[in-house]
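Notes for the structure review
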Amino acid sequence: MIERYDLHCHSTASDGALTPAEVVQRAAEFGVTALALTDHDTTAGLAEAQQQADSVGLHLIPGIELSCNWQNKCLHVVGLGIDPSYAPLANATHLLQSTRLERAEKIAFKLEQKRIPGAMLAVKKAAGEGMITRSHFADFLLSQNHVSTQQEAFDRYLAKGKSAYVSTTWAELEVAINWITESGGVAVLAHPMRYKLTANWMNRLLTAFKEAGGQGIEVITSRMNPDELRRVADFAKRFDLAGSVGSDFHNPANPWVELGRLPALPTHIKPVWELLN
Ligand code: AMP
Ligand code: MN
Ligand code: MN
Ligand code: MN
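Below you will find a few notes about this structure. One numbering rule holds for all chains: residues counted from 1, following each sequence as written. The naming scheme follows written order: chains are lettered A onward, ligands numbered 1 onward. In keeping with the predicted nature of the model, local features appear solely for residues at pLDDT of at least 70, side-chain atom pairs appear and are counted solely at 80 or more, and the whole-chain, interface and lining totals rest on all residues. Only hydrogens and water are set aside when side-chain values are computed; all heavy atoms of the structure are taken into account.

1. Regarding the coordination of the manganese ion (ligand 3)
Each pair of donors in an ideal four-coordinate tetrahedral metal site encloses 109.5 degrees, whereas pairs in an ideal six-coordinate octahedral site enclose 90 or 180 degrees. For clarity, the threshold we go by: Here a donor is an N, O or S atom found within 2.8 Å of the metal, or within 3.2 Å if the metal is Na, K or Ca; sites may look incomplete because water is not among the atoms.
Coordination of the manganese ion (ligand 3) by the protein involves Glu65 (OE), His76 (ND1) and His191 (NE2), with metal-donor separations of 2.1 to 2.2 Å. Taken in sequence order, the residues that donate to the manganese ion (ligand 3) follow the motif E-x10-H-x114-H.

2. Notes on the nonpolar core
Formally: The term nonpolar core refers to a set of buried residues drawn from Ala, Val, Leu, Ile, Met, Phe, Trp, Tyr and Cys, joined through side-chain atoms within 4.5 Å. We call a residue buried when its accessible area falls under 20% of the maximum for its residue type, exposed when it is over 50%, and partly exposed in between, using a 1.4 Å probe and counting protein chains only. By definition, any uninterrupted DSSP run of H or I lasting at least four residues is a helix, any uninterrupted run of E lasting at least two residues is a strand, and each is numbered from the N terminus. Working rule for contacts: check all heavy atoms of both residues, and any pair within 4.5 Å makes them a contact.
Among the nonpolar cores identified, the biggest contains 70 residues, and Leu35, Leu80, Leu173, Ile217 and Val219 are the most heavily contacted of them. With 6 residues, the top contributor of residues to this core is strand β3 (residues 59–70). When residues no more than four places from it in sequence are discounted, the contact partners of Leu173 are Cys68, Asn69, Trp70, Leu75, Val77, Leu205 and Phe209. Counting residues in each nonpolar core, the second largest holds 21 residues, with Met120, Val123, Ala153 and Phe154 among its members.

3. A short note on the site of ligand 1
As a reminder of what qualifies: Put simply, a residue is near a molecule or strand once any heavy atom of it comes within 4 Å of that molecule or strand. Identification of polar contacts relies on pairs of N or O atoms within 3.5 Å, with a donor-acceptor requirement for protein atoms, meaning one able to donate a hydrogen and the other able to accept it, and with residues adjacent in sequence counted only if both atoms are side-chain atoms. The Shrake-Rupley method, run with a 1.4 Å probe, gives the accessible areas here. Residue values count only the displayed protein chains as cover. Nonpolar residues are Ala, Val, Leu, Ile, Met, Phe, Trp, Tyr, Cys and Pro. Charged residues are Asp, Glu, Lys and Arg, and all others, Gly as well, are polar. What marks off one domain from the next here is an automatic or database domain assignment.
Taken together, Asp15, His40, Arg100, Arg103, Thr133, Arg134, Ser135, Gln150, Gln151, Phe154 and His250 make up the full set of residues adjacent to ligand 1. Taking His40, its side chain carries an N or O atom lying 2.9 Å from an oxygen atom of ligand 1. One of the side-chain nitrogen or oxygen atoms of Arg103 is found 2.3 Å away from an oxygen atom of ligand 1. When ligand 1 sits alone it has 500 Å² of accessible area, and the protein chains cover 78% of it. When residues of the shell around ligand 1 are traced back to their parent elements, those giving at least two are α3 (87–113), α5 (134–143) and α6 (150–158). If you tally residues by element for the shell around ligand 1, the top one is α6, at 3 residues. Residue composition of the shell around ligand 1, by class: 1 nonpolar, 6 polar and 4 charged. Inspection of the shell around ligand 1 shows a minimum of three residues originating in each of domain 1 (5–86 + 173–275) and domain 2 (93–158).

4. What to know about the coordination of the manganese ion (ligand 4)
Coordination of the manganese ion (ligand 4) by the protein comes from His8 (NE2), His10 (NE2), Glu65 (OE) and Asp248 (OD), over a distance range of 2.1 to 2.2 Å. Written as a sequence motif, the donor residues of the manganese ion (ligand 4) are H-x1-H-x54-E-x182-D. Between the manganese ion (ligand 4) and the manganese ion (ligand 2), a separation of 4.6 Å is found. In this pair, His10 sits in the loop between β1 (5–6) and α1 (20–29) while Asp248 sits in the segment after β8 (242–245), placing the two residues 238 residues apart along the sequence. Owing to a relative accessible area of 0%, His10 belongs among the buried residues under this scheme.

5. Thoughts on the packing of aromatic side chains
Using the following cut-off: Each Phe, Tyr or Trp ring, with Trp reduced to its six-membered ring, pairs with another whose centre is within 6.5 Å; inter-plane angles below 30 degrees give stacked pairs, above 60 give edge-to-face pairs, and intermediate values give tilted ones. Definition used: whenever NZ (Lys) or CZ (Arg) falls within 6 Å of the ring centre and also within 35 degrees of the ring normal, the charge is taken to sit over that ring.
Across all of its chains, the model carries 2 aromatic pairs by this definition. Here Tyr5 and Trp273 contribute two aromatic rings whose centre-to-centre distance is 3.9 Å and whose plane-to-plane angle is 10 degrees, an arrangement assigned as stacked. With a gap of 268 residues between them, Tyr5 in strand β1 and Trp273 in the segment after β8 connect regions that are remote in the sequence. Judged by centre distance (5.7 Å) and plane angle (90 degrees), the ring pair of Trp70 and Trp201 falls under edge-to-face. Note that Trp70 is positioned in strand β3 and Trp201 in helix α8 (residues 199–211), a separation of 131 residues in sequence. Geometry around Trp201 places Lys73 over its ring, the cationic atom sitting 4.1 Å from the centre. One Lys or Arg, Arg204, reaches over the ring of Trp201 and ends 3.9 Å from the middle of that ring.

Right under this line is the structure:
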């Protein structure tokens, strides 16, 4: 059987709009046969996703998207085929929940100073048991008419250097890659074009990523233009990284980022699923 892969998406365990079961259901409806649920810094959605995957006959690959620090930048590394019960990883996600809660309190405080009260209560309610993310703050700012789009919430308040930005200590890149690989998974650099790195910095990052045991790079993600695709495919070749395919789906309300609606991996790139067992 020819599989249709989508190896990057989010549920209500982090900043997705759908529950893990709903994500799996929707993926199946959109023709995905092998899905990785990769919530931000948590594996809490995987058990529910697996149950639904069993009932619709979809192949679920246990995943995570870890926030990392490297050279004063924040990067995302997707772990595929991880073991969520591997103790160092489980302990890390547990600690990251507190990290995110404390960061949220600081962001809410900064918003209060800008005469925008009530953020903490709202994001806690929206996130429920899940990880609190900046997307929750963006939704809050939107709901209170402080901004007219999610993007504007980032541009005006939440992005690096903006008035409600709080810098956070995430895992070091090497450490995050170790949690993934030691748990039996494959570490994949998520959405490489989104970091806006110069060619020089990208070379340095990919060198460090490889050295630390990273094995894959997202060659196909949503909203990529042909030039970006060519450049990422070239990185994969030059650094001998396997190519991954992931939509980064968050919300059915965004028609530009949908489960499984992705171009094929170029045939000259080694597919990351060959590394998964
Ligand atoms: P966090 O991990 O809490 O810092 O939140 C990061 C999440 O916010 C990302 O995964 C995206 O879903 C969203 N995000 C980050 N930057 C932007 C942006 N400029 N516009 C819209 N969403 C963004
Ligand atoms: Mn997100
Ligand atoms: Mn990401
Ligand atoms: Mn993501």
